[in-house]
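# Fold and geometry: a report
What follows is the residue order along each chain.
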Amino acid sequence: MGRVPDSSAQPDRESIALVLAGGGARGAYEIGVLSELLPALPEDEQPNLLVGTSVGALNATFLASALQKGPQEALAGGRAIWDGLSWSDVLASPSLVDLERLLRGFLGFAGLPGMDVPGLLDPSPLEDTVKERIDFEQIEQNVACGELVGAAVVATSALSGRSVVFHCGGEPKYKRDDKRGIDYVATSLTDEHVRASSAIPTAFPAVEVTHDPGSGWYFDGGTRLNTPIKPALWFGAKRVIAIGLNSIAPGGDRIAGPKRPDTLDGAAQIVQALLADPLVEDVQTLTTFNDEVGRRTRGRRRLPYIFVAPPQRDTIGEIGRRCFEEHYDGLLDVRRSPQLALLGRILGGDADPVHGELLSYLFFAPEFAGALLEQGRRDGEQWVKERHDEGLWDVGPLGRDRGIREAGE
């Protein structure tokens, strides 16, 4: 493993951050958005600081390793990864050992002693997948030559519960942000950091980072910081591109509905609270910053941003439901992937978008990835076509507030 690059030796470049959120198998959406967005940006507005959490960490480090090829070729490589990604690239096929693990897990949840279960699923194939697809040495070279300002991934310390930002290059304001519970660790990024960032608690085992600094055990960074906009700002980003995997659109006008929720509906609410609700706060960080600059500070530059996410709360859930119903729900479809057929039936993936939403996080299927790439491409294209404050960048309100503002102009 190479030494940590000396960021002080890098050329003085404006930091333009690309922030990629976590969301498991939903990560193909991010590459779809970028396939429309990046080619539309001029060369001096291309991102050179990449920060990701969970599957966003995988996408961010891959792009950081391919940035020197130009956006078109780098994105083509990203699409190729998702086009060919399957269950066996991420998770081991169920076996008697897995059935024993699940049984032990359920007994452990029931409070019986001696039931030490690292995780309900076995993500051991992910190690080889990450190593094969990401050239971590090239990330260091890109930082050293100034092609990249920095690359970073976010994990959650199993000891402290704080977010830990492992970064190659980049200069954070300080090494600790106690207000937000974030630590910054300069290091050479490896597959361990990406897998630690993706270790969904309970579903996947915690991952040990064996190299100092920051050695120890970690869980998925999305448990506390799923869309790492705050670290991008802490690194001094002057512009931010953020891609979310959950919609920030508000729910319908009805306060409640007549249908009695089941257990999985409840689980979906937990996921919404964990991933989607904090995203609204993170995005508001950008607009609030600009509002404060506009009201109180003269001569200080506002922070231009681009933010793209699924348009509706059930967009990806409906795509997951439809893909499962069309490709994995029938008796003959079981041969295509017994694992996905079983998982979809357990989660009721064809029932409605809410159940499809839960399925989507582990739905590692080429048909689902293809549909997400297309949805992301359409949403990226929509952003490019819309009216903005500065080229493709906004500095004012987002979403519904922006629509109200424009209607009054």
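The shown structure was predicted, so the numbers you read here are calculated from the model rather than taken from an experiment.

Rules and cut-offs
- Residues numbered from 1 in each chain as written.
- Predicted model: local features only at pLDDT ≥ 70, side-chain atom pairs only at ≥ 80, totals over all residues.
- Heavy atoms only, no water.
- Salt bridge = Lys/Arg side-chain N within 4 Å of Asp/Glu carboxyl O.
- Helix = DSSP H or I, 4+ residues; strand = E, 2+ residues; numbered from the N terminus.
- Buried < 20%, exposed > 50% of the residue type's maximum accessible area, 1.4 Å probe, protein only.
- Axes fitted to C-alpha atoms, helices over the stretch in contact; angles between N-to-C directions.
- Parallel < 35°, antiparallel > 145°, perpendicular 65-115°, else oblique.
- Left-handed = near helix turned anticlockwise from the far one by under 90°.
- Contact = heavy atoms within 4.5 Å.
- Nonpolar A, V, L, I, M, F, W, Y, C, P; charged D, E, K, R; others polar.
- Expected span 1.5 Å × (residues − 1).
- Arc of directions from axis to C-beta.

### Considering the pattern of salt bridges
- What the rule picks out here adds up to 18 salt bridges.
- Note that E127 is salt-bridged to K131, the shortest N-O span being 3.0 Å. One end of the pair, E127, and the other, K131, are both in helix α6 (residues 125-133), four residues apart, so they sit about a helical turn from each other.
- Its relative accessible area of 30% is what places E127 among the partly exposed residues.
- Note that R377 and E374 form a salt bridge whose closest N and O atoms lie 2.9 Å from each other. Taken as a pair, R377 and E374 lie in helix α14 (residues 366-385) at a separation of three residues, close to a single helical turn.

### Remarks on the packing of helix α2 (residues 55-66) against helix α7 (residues 136-144)
- Between α2 and α7, the shortest axis-to-axis distance is 7 Å and the interhelical angle comes to 60°. As judged from the angle between their axes, α2 and α7 are oblique. Read as a crossing pair, α2 and α7 show a hand that is left-handed. Residues T61, A64, S65 and A66 of α2 form the contact with α7, whose participating residues are F136, Q138, I139 and N142.
- Here the contact of α2 with α7 is composed, by residue class, of four nonpolar, four polar and no charged.

### Regarding helix α3 (residues 71-84)
- Spanning 14 residues, α3 covers 20 Å between terminal C-alpha atoms, matching the ideal 20 Å at 1.5 Å per step.
- Of all the residues in α3, the buried ones are A74, L75, G78, I81 and W82. Take α3 and look down its axis: the buried residues cluster within an arc of 110°, on one side only.
- Close packing links the buried residues of α3 with α1 (28-40), α2, α6 and α14.

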